[in-house]
Amino acid sequence: MAGIDPYSAEGELINIHSHFHQGQYQEVVDFDTSNLSPENELPARVLALRARVALGHADDVLADVKGDTEEPELAAVAALAQSALGKTDDAVKAIEELAQSAGDNQTVQVLGGLVLQAAGKSDDALELLSKHSGSLDAIAIITQIHLQQNRTDLAVKEVAAARRWAQDSLLVNIAESWVGLRLGGDKYQQAFYVFEELAQAPATSSIVTLVSQAVCELHLGRVEEAQAALEQALQKQPDNADAIANLLLLTLITGKDATELTSSLKKSAPRHAMITDLEEKSDLFDKAASKFSAKVAA
């Protein structure tokens, strides 16, 4: 007889796992693990370490796992922390070695997928993640990668397959909502219902769910409501890069001055994708403008 899936509704890790995917990282760190079965202690520790990386404490996490990296799970956590600190080459090298020695380990697959995708190695990430056997975390990351590759068709298939065997899963609801935001139309409203319910209930509210709600509001053309959700997120954490980036986008859409928000984002996350994008567009504009000026002068 197979054991209970620890992440299922009947399993011991359902609450800590839900906290993590709702973006309630401090609740994950503070979660009481003293009564867990021995076999669930390491998965719970991995979630807590991942939550600390998400909270910006990657240096502390590296120090914490330094003597324990003979465990493939904790070696994968170390690589994730290195990736978060911008030590991409070291992180990728560690994951490539783990993929060879422990490629069937679920934590190696999930964290390795995250590290490889962050390094721009999407095909390698998908190859490692595809080795999973029924991991919703792996399915969620595969879905994200397909969306980033503009392969919405593959993301739709991935989520539909998971929905068949994990009908009531929070993570499937969230992944389905990501796909819905790409598909548009009435899917915007469906995604909004999922994220708004999570964001506005005190038991599940977090910066992640508030930002997700705001993105849905923006897609639905509800600018004021989007701004309110983002301001709620920034009250929780004033330097949160994703909340600042989305408020910056909203400010640009509404034609207001975004100078202050741009400098805030540069300060909190100098390597944020939106900063890179704005700088590239600014360079292109300057090049185009210089050609135009030259012709006018002639």
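Residues numbered from 1 in each chain as written. Predicted model: local features only at pLDDT ≥ 70, side-chain atom pairs only at ≥ 80, totals over all residues. Heavy atoms only, no water.

Q: Is there a simple way to think about the packing of aromatic side chains in this case?
A: Each pair of aromatic rings is reported with the distance of its centres and the angle of its planes. Scanning the model with the defined rule gives two aromatic pairs in all. Relative to Tyr-25, the ring of Phe-20 has its centre 5.5 Å away and its plane inclined at 65 degrees; by these criteria the two rings are edge-to-face. Residues Phe-192 and Tyr-193 carry aromatic rings whose centres are separated by 6.0 Å and whose planes lie at 50 degrees to one another, so their mutual orientation is tilted. Taking the relative accessible area as the measure of exposure, Phe-192 reaches 9% and is therefore buried. When the ring centre of Phe-192 is taken as origin, the NZ or CZ atom of Arg-222, which lies over that ring, is 4.6 Å away. (Phe/Tyr/Trp six-rings, centres within 6.5 Å; stacked < 30°, edge-to-face > 60°. Buried < 20%, exposed > 50% of the residue type's maximum accessible area, 1.4 Å probe, protein only. Lys NZ or Arg CZ within 6 Å of the ring centre and 35° of its normal.)

Q: What should I look at first to understand the pattern of salt bridges in this one?
A: Any two side chains of opposite charge can pair, on the condition that their charged atoms come close. Per the counting criterion, the structure on display carries eight salt bridges. Across the pair Asp-68 and Arg-45 runs a salt bridge, and its minimum N-O distance is 3.2 Å. In this pair, Asp-68 sits in the loop between helix 4 (58–65) and helix 5 (72–84) while Arg-45 sits in helix 3 (residues 38–54), placing the two residues 23 residues apart along the sequence. Taking the shortest distance from any N to any O, the salt bridge between Glu-217 and Arg-222 comes out at 2.7 Å. According to the relative accessible area criterion, Arg-222 is partly exposed, its value standing at 24%. Ionic contacts of the salt-bridge type, sharing partners, join the residues Arg-45, Arg-52, Asp-64 and Asp-68 into one network. (Salt bridge = Lys/Arg side-chain N within 4 Å of Asp/Glu carboxyl O. Helix = DSSP H or I, 4+ residues; strand = E, 2+ residues; numbered from the N terminus.)

Q: Could you clarify how one ought to interpret the environment of Leu-198 in this entry?
A: Within the element layout of this structure, Leu-198 appears in helix 12 (residues 186–200). Considering only alpha carbons, one finds Leu-198 and Thr-209, 11 residues apart in sequence, at a separation of 6.2 Å.

Q: Mind showing me how you'd approach the environment of Asp-186 here?
A: Looking at where Asp-186 falls in the secondary structure, it is placed in helix 12. Judged by its relative accessible area of 54%, Asp-186 is exposed. Along the chain, Asp-186 and Ser-122 lie 64 residues apart, while their C-alpha atoms are 30 Å from each other.

Q: Would you take a moment to explain the nonpolar core for this structure?
A: Most often, soluble globular proteins have nonpolar side chains that are buried together. Val-77, Ile-95, Leu-111 and Val-115 are the most contacted members of the largest nonpolar core, which totals 34 residues. Elements with a minimum of two residues in this core: helix 3, helix 4, helix 5, helix 6 (88–102), helix 7 (106–118), helix 8 (122–129) and helix 9 (136–148). The dominant element in this core, judged by the number of residues it contributes, is helix 5, at eight residues. Filtering out sequence-adjacent residues up to four positions away, Val-77 remains in contact with Val-46, Leu-49, Val-61, Val-65 and Leu-111. Formed by 24 residues, the second largest nonpolar core is a distinct cluster that contains Ala-214, Ala-229, Ile-244 and Leu-265. (Core = buried A, V, L, I, M, F, W, Y, C linked by side-chain atoms within 4.5 Å. Contact = heavy atoms within 4.5 Å.)

Q: I'm lost on unusual backbone geometry in this one. Help?
A: Excluding glycine, residues mostly have negative phi values, and the peptide bonds linking residues are mostly trans. Residues other than glycine seldom take positive phi values, yet Asn-150 does so here, at roughly 60 degrees. Structurally, Asn-150 can be placed in the loop between helix 9 and helix 10 (152–165).

Q: Before we go on, may I ask you to explain a negative patch on the surface in this structure?
A: Among the surface-exposed residues, Glu-96, Asp-123, Asp-124 and Glu-127 lie close enough to one another that they form a single negatively charged patch. The element that contributes the greatest number of residues to the negative patch is helix 8, accounting for three residues. Residue position: Asp-124 is located in helix 8. Residue Asp-124 is classed as partly exposed on the basis of its relative accessible area of 33%. (Patch = residues over 30% accessible without salt bridge, like charges linked within 9 Å, V, L, I, M, F, W, Y side chains within 5 Å. Areas by Shrake-Rupley, 256 points an atom, 1.4 Å probe, with all protein chains shown as cover. Lys, Arg positive; Asp, Glu negative; His and termini not counted. Charge placed at Lys NZ, Arg CZ, Asp CG, Glu CD.)

Q: Would you mind going over the packing of helix 7 against helix 8 with me for this structure?
A: Working note: a packed helix pair is described by the angle between its axes plus the distance between those axes. Between helix 7 and helix 8, whose axes approach to 8 Å, the crossing angle comes to 175 degrees. In terms of their interaxial angle, helix 7 and helix 8 are classed as roughly antiparallel. The residues of helix 8 that touch helix 7, namely those facing Val-108, Gln-109, Val-110, Gly-112, Gly-113, Leu-116 and Gln-117, are Ser-122, Asp-124, Ala-125, Leu-128 and Leu-129. Residues belonging to the contact of helix 7 with helix 8 are distributed by class as follows: six nonpolar, five polar and one charged. (Axes fitted to C-alpha atoms, helices over the stretch in contact; angles between N-to-C directions. Parallel < 35°, antiparallel > 145°, perpendicular 65-115°, else oblique. Nonpolar A, V, L, I, M, F, W, Y, C, P; charged D, E, K, R; others polar.)

Q: Mind showing me how you'd approach the environment of Ser-177 here?
A: Checked against the element boundaries, Ser-177 lands in helix 11 (residues 170–183). In sequence terms Ser-177 and Gln-189 are 12 residues apart; their C-alpha atoms lie 9.5 Å from each other. With residues up to four places along the chain from it excluded, the contact list for Ser-177 reads Ala-191, Val-194 and Phe-195.

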